[in-house]
Amino acid sequence: MRMLRLFAGFLLALCLISLPAFAQNWPSRPIRIIVPYAAGGATDVFARLVASKLQEQLGTPVVVENRAGAGGNIGADAVAKSAPDGYTLLLNINGHAIAPAIYKSLPFDPDKDFIPVTQMASTATAFVVQPNLPVKNFQEFVALAKSRPGDLNYGSTGIGNSLHLTMELLMRDTGIKMEMVPFRGDAPLFQAFMSGDVHAAVVPTSGAKPHLDSGVVRALGVTSAQRVAAMPEIPTLVEQGLPEFVVSGWIGLFAPAGTPRPIIERLAKEVRTGIMAPDMAPRLLSFGLEPTADGPEAFGERYKADRIKFQKIVKEANIALQD
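All values derive from a computational prediction rather than experimental measurement.

**Concerning the overall build of the protein**
Along the protein, the regular secondary structure elements total eleven helices and eleven strands. Taken over the C-alpha trace, the protein has a radius of gyration of 22 Å; the compact-globule value for 323 residues is 20 Å, and the two agree within 12%. C-alpha atoms of the protein, sized along the principal axes, occupy 80 × 45 × 30 Å. The contacts of the protein with a sequence gap of at least 6 include a subset with a gap of at least 24, amounting to 77%. Total accessible area computed for the protein in this model is approximately 15200 Å², and 57% of it derives from carbon and sulfur atoms.

Put into structure tokens, the structure is as follows:
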């Protein structure tokens, strides 16, 4: 038994000695960023922009791998079960904080299996309506909805996603009632606006701008605390009588639990350098994304707070849990 303890102590000491050298030599081979959504979407495009910057800064290949399915849970699970060596990372949206609230069970532990590295961008959403609705601003829409209870509907690209929950929160705070019409993605949702089958929706500003410019929808407000740089003419809902209504999403980077702290800190630093670069930040702002690199502690607090917030919204809205 004594020999076993001595051997275990030797192994522990060896690990503690080799850890700094391992971290100092990182990265020495290609880094893989897993995006748990299909290629070509807004999150994937963002990931490839960031990967290109990191590759340039780190001097090693940084590749993006799409692992779509189960609302992002398949890709997240792949990262949770990866070696904690800094070579497999998860780039995800705030749906990662919603998943524990809407799924009956998950193949990973959202608290114990990941280390938040840094938030990378803040994403705003816009409340949009059919252009032929007789309203000029958000308060006029609320008045219209209250005068026609149950007559108006809203489109959502998924049950329990951040857009659906934002609309539930909006209905709660304004006292209006609308029926949800689910769609399998942005394209069929905006097609439904064109055909007149949907009256309203909460959509990402980055995806809404082309449809706003073409007149398919009309934006009555954005859910962020300040106006969005890409569409400064659209007022916030705060400006229109909802002083507490600030809802913004995020894109963040996670590493498997157990990843050495020096690697986490180096990643956070490199991400900040990349997304704040003069050739990157203005490009992200034009997409409706606000570059944000606040580091592990601040992002960890945001992730925890969002999990609590969305858990409450799901419960209050009585949203059925998904298998």
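So much for the structure itself; the text now carries on.
**Here we look at the sheet that holds strand β11 (residues 289–291)**
Taken in spatial order, the six strands of this open sheet run β2-β1-β3-β10-β4-β11, and their pairing is mixed. Edge positions in the sheet fall to β2 (62–66) and β11, since each of these pairs with one other strand and no more. Strand-to-strand twist across the sheet, computed as the mean angle between neighbouring axes with direction ignored, equals 30°. Examined bridge by bridge, strand β3 (residues 88–93) and strand β10 (residues 249–256) share four bridges and lie antiparallel to one another.

**Regarding helix α7 (residues 186–195)**
The set of residues buried in α7 consists of L189, F190, A192 and F193. Angular distribution of buried residues about the axis of α7 spans 150°; they occupy a single face of the element. Facing away from the buried side of α7 by more than 90 degrees, the exposed set consists of A187 and M194. Looking at the packing, one finds that the buried side of α7 touches β5 (125–129), β6 (153–156), β8 (200–204) and α8 (205–214).

Calculation notes
- Residues numbered from 1 in each chain as written.
- Predicted model: local features only at pLDDT ≥ 70, side-chain atom pairs only at ≥ 80, totals over all residues.
- Heavy atoms only, no water.
- Helix = DSSP H or I, 4+ residues; strand = E, 2+ residues; numbered from the N terminus.
- Rg over C-alpha atoms; globule rule 2.2 N^0.38 Å.
- Contact = heavy atoms within 4.5 Å.
- Areas by Shrake-Rupley, 256 points an atom, 1.4 Å probe, with all protein chains shown as cover.
- Pairing = 2+ DSSP bridges.
- Axes fitted to C-alpha atoms, helices over the stretch in contact; angles between N-to-C directions.
- Buried < 20%, exposed > 50% of the residue type's maximum accessible area, 1.4 Å probe, protein only.
- Arc of directions from axis to C-beta.

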